Amino acid sequence: MQSTSTAHIASGAEDDSQAPAYILPQTPFYSIEYPGYVRPTSVALAVSNLGGQSALDNAFKRAASKTETLIELKLRPDQPFAHPIPGDVVPTNNILLKVVKKRRKHRMEDGAIGEYTIEAVGVIPKTARFRSIADYQYQPNMNDPVSKLRVAMDNMDVDALQSYVIPEEKADYTVPNEENVHVNLDPELTGIPVPQNATENESCLSVRSNLRLFPPPLFSRQNIPQAYNFRSNTASMVSTTVDEETGEEKKRLINRMRWKGYGPASIMFSDANVPEKPPQVVEEGRQYIDKNILKKLEDLFVQRPVWTRMSLFNQLPPNESREVLKYMDYTILERD
């Protein structure tokens, strides 16, 4: 037996237990969270800074690849060395609402100055977001030949490319600063080196760098620092050396557990003389080698003066064969 129940509402009372249902239009829109002020008259400029309408259409299409969904915002599109702000297209479940405000001529007693109506226009399945911070910007001298070459490559100026000549390198790494620096500005904030003994007037007439450093043509999209967790090498130690002539003391870090790859002595096939003993650095480690293995290796060379490397390895224990050969033999680097 199944029981049912019905709720009766008194006349004049409103049902506040359920929200009214509305039909949601399924017209798709795409949204761009532009990190700046966009006026109705500057929409075309904002779209151009994002790469144009075709780039946005490719980024928001249904079967777009991960590479196509990358959007770059160029706040200075006329500067070829400016670094754009990277953006990503992410899936969203947003609703596009149309809000209309009807103004009233007279203010109501409750403080309301108008009437608002909200209408759902469509859904936003994808949104372009710019959550990354802008990278450091570096603007080189646009009168430099390399800067002019870059502009010619962007504009496909064939005549400028053919007439380009690598300029003569000059040692003018610092030039007088011709820019006017405010007298009330701290010189350390300008990034211009000022001599320690410079006066107030000389600090404004200092020099600036002329190293002609150009930023790379491609920047990394890795904008979140990685957890590097740097640790110093536990086997490192400070080694101090003193120059006998000048008496200068120098310190450097060395690895106490570094592998010393000393091998057997080597000769060319055409050499007339052959080594009679291993190198001195190898001979110093003889005392740490098992005497029985050295004796066995000596007996093998008495039987056969010349061995191939693999044949000799097969006669010795696997763990000791590579270490003991350098104490009893020498290798020939070339043969007929």
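Right above here is the structure, for reference.
Predicted, not measured: the structure shown is a model, and the values here were computed from it.

Got a minute to help me understand the overall build of the protein in this structure?
Of regular secondary structure, the protein possesses 10 helices and 10 strands. Across the 336 residues of the protein, 19% fall into the buried class. Across the protein, every contact between residues at least 6 apart in sequence was considered, and the portion connecting residues at least 24 apart equals 57%. Entry remark: accessible area of the protein is about 28,300 Å², with carbon and sulfur atoms responsible for 52%.

Please clarify how unusual backbone geometry should be interpreted in this entry.
Where the residue is not glycine, phi is negative for most of them; where a peptide bond is considered, it is trans in most cases. Although it is not a glycine, M156 sits at a positive phi angle of roughly 55°. Residue position: M156 is located in the loop between α3 (145-154) and α4 (158-162).

Explanation requested: the nonpolar core in the structure shown.
The nonpolar side chains of a soluble globular protein tend to be buried, and buried together. L297, L312, L316, V324 and L325 are the most contacted members of the largest nonpolar core, which has 14 residues in total. When contributions to this core are tallied by element, the ones reaching two or more residues are α8 (291-303), α9 (309-313) and α10 (321-328). A59, L73, I85 and F130 belong to the second largest nonpolar core, which has 10 residues in total.

Would you take a moment to explain the packing of aromatic side chains for this structure?
Each aromatic ring pair is described using two quantities: the centre-to-centre distance and the angle formed by the ring planes. Taken as a whole and assessed by the stated rule, the structure comprises two aromatic pairs. Considering the side-chain rings of Y30 and F60, the 4.2 Å spacing of their centres and the 15° angle between planes classify their relative orientation as stacked. Of this pair, Y30 sits in strand β1 (residues 28-32) while F60 sits in helix α2 (residues 53-60); the two residues are 30 residues apart in sequence, bridging distant segments of the chain. For Y30, a relative accessible area of 39% puts it in the partly exposed group. Directly above the aromatic system of F81 lies the positively charged group of R150, at a separation of 5.4 Å from the ring centroid. When the ring centre of W307 is taken as reference, the NZ or CZ atom of R304 above it lies at 4.0 Å.

Would you mind going over a nonpolar patch on the surface with me for this structure?
On the surface, L24, I95, L97, V99, Y116 and I118 cluster together to form a nonpolar patch covering roughly 600 Å² of accessible area. Elements represented by at least two residues in the nonpolar patch include exactly β3 (85-103) and β4 (114-129). Top contributing element to the nonpolar patch by residue count: β3, with three residues. Mapped onto the fold, L97 is located in strand β3.

Please explain the pattern of salt bridges as it appears in this structure.
Working definition: two side chains of opposite charge can pair if their charged atoms are close together. One pass over the structure, following the stated rule, counts six salt bridges. A salt bridge links R212 to D144; the shortest N-O distance between them is 2.7 Å. With R212 in the loop between β6 (207-209) and β7 (236-242) and D144 in the loop between β4 and α3, this residue pair connects regions lying 68 residues apart in the sequence. By relative accessible area, which is 32% here, R212 ends up partly exposed. According to the relative accessible area criterion, D144 is buried, its value standing at 10%. Here D154 and R150 are joined by a salt bridge, their closest N and O atoms 3.5 Å apart. With D154 and R150 both in helix α3, this residue pair falls four residues apart, about one helical turn. Each of E33, R129 and R131 takes part in a single network of salt bridges with overlapping partners.

Hey, could you run me through a negative patch on the surface in this one?
A cluster of like negative charges, contributed by D243, E244, E245 and E248, occupies part of the molecular surface. By secondary structure assignment, the location of E244 is in the loop between β7 and β8 (249-255). Here E244 falls in the exposed class, since its relative accessible area comes to 82%.

Is there a simple way to explain the side chain of N49 in this structure?
You can see N49 is positioned in helix α1 (residues 43-49). If sequence neighbours within four positions are ignored, N49 has contacts with Y34, E72, L73, K74 and P77.

Please clarify how the environment of A265 should be interpreted in this entry.
Mapped onto the secondary structure, A265 falls in strand β9 (residues 265-267). C-alpha of A265 to C-alpha of Y327: the two residues are 62 residues apart in sequence and 9.1 Å apart in space.

Explanation requested: the side chain of S147 in the structure shown.
Among the secondary structure elements, S147 is positioned in helix α3. Excluding residues within four positions of it along the chain, S147 makes contact with F81, P140, N141, M142 and F214.

Conventions used here
- Residues numbered from 1 in each chain as written.
- Predicted model: local features only at pLDDT ≥ 70, side-chain atom pairs only at ≥ 80, totals over all residues.
- Heavy atoms only, no water.
- Helix = DSSP H or I, 4+ residues; strand = E, 2+ residues; numbered from the N terminus.
- Buried < 20%, exposed > 50% of the residue type's maximum accessible area, 1.4 Å probe, protein only.
- Contact = heavy atoms within 4.5 Å.
- Areas by Shrake-Rupley, 256 points an atom, 1.4 Å probe, with all protein chains shown as cover.
- Core = buried A, V, L, I, M, F, W, Y, C linked by side-chain atoms within 4.5 Å.
- Phe/Tyr/Trp six-rings, centres within 6.5 Å; stacked < 30°, edge-to-face > 60°.
- Lys NZ or Arg CZ within 6 Å of the ring centre and 35° of its normal.
- Patch = residues over 30% accessible without salt bridge, like charges linked within 9 Å, V, L, I, M, F, W, Y side chains within 5 Å.
- Salt bridge = Lys/Arg side-chain N within 4 Å of Asp/Glu carboxyl O.
- Lys, Arg positive; Asp, Glu negative; His and termini not counted.
- Charge placed at Lys NZ, Arg CZ, Asp CG, Glu CD.

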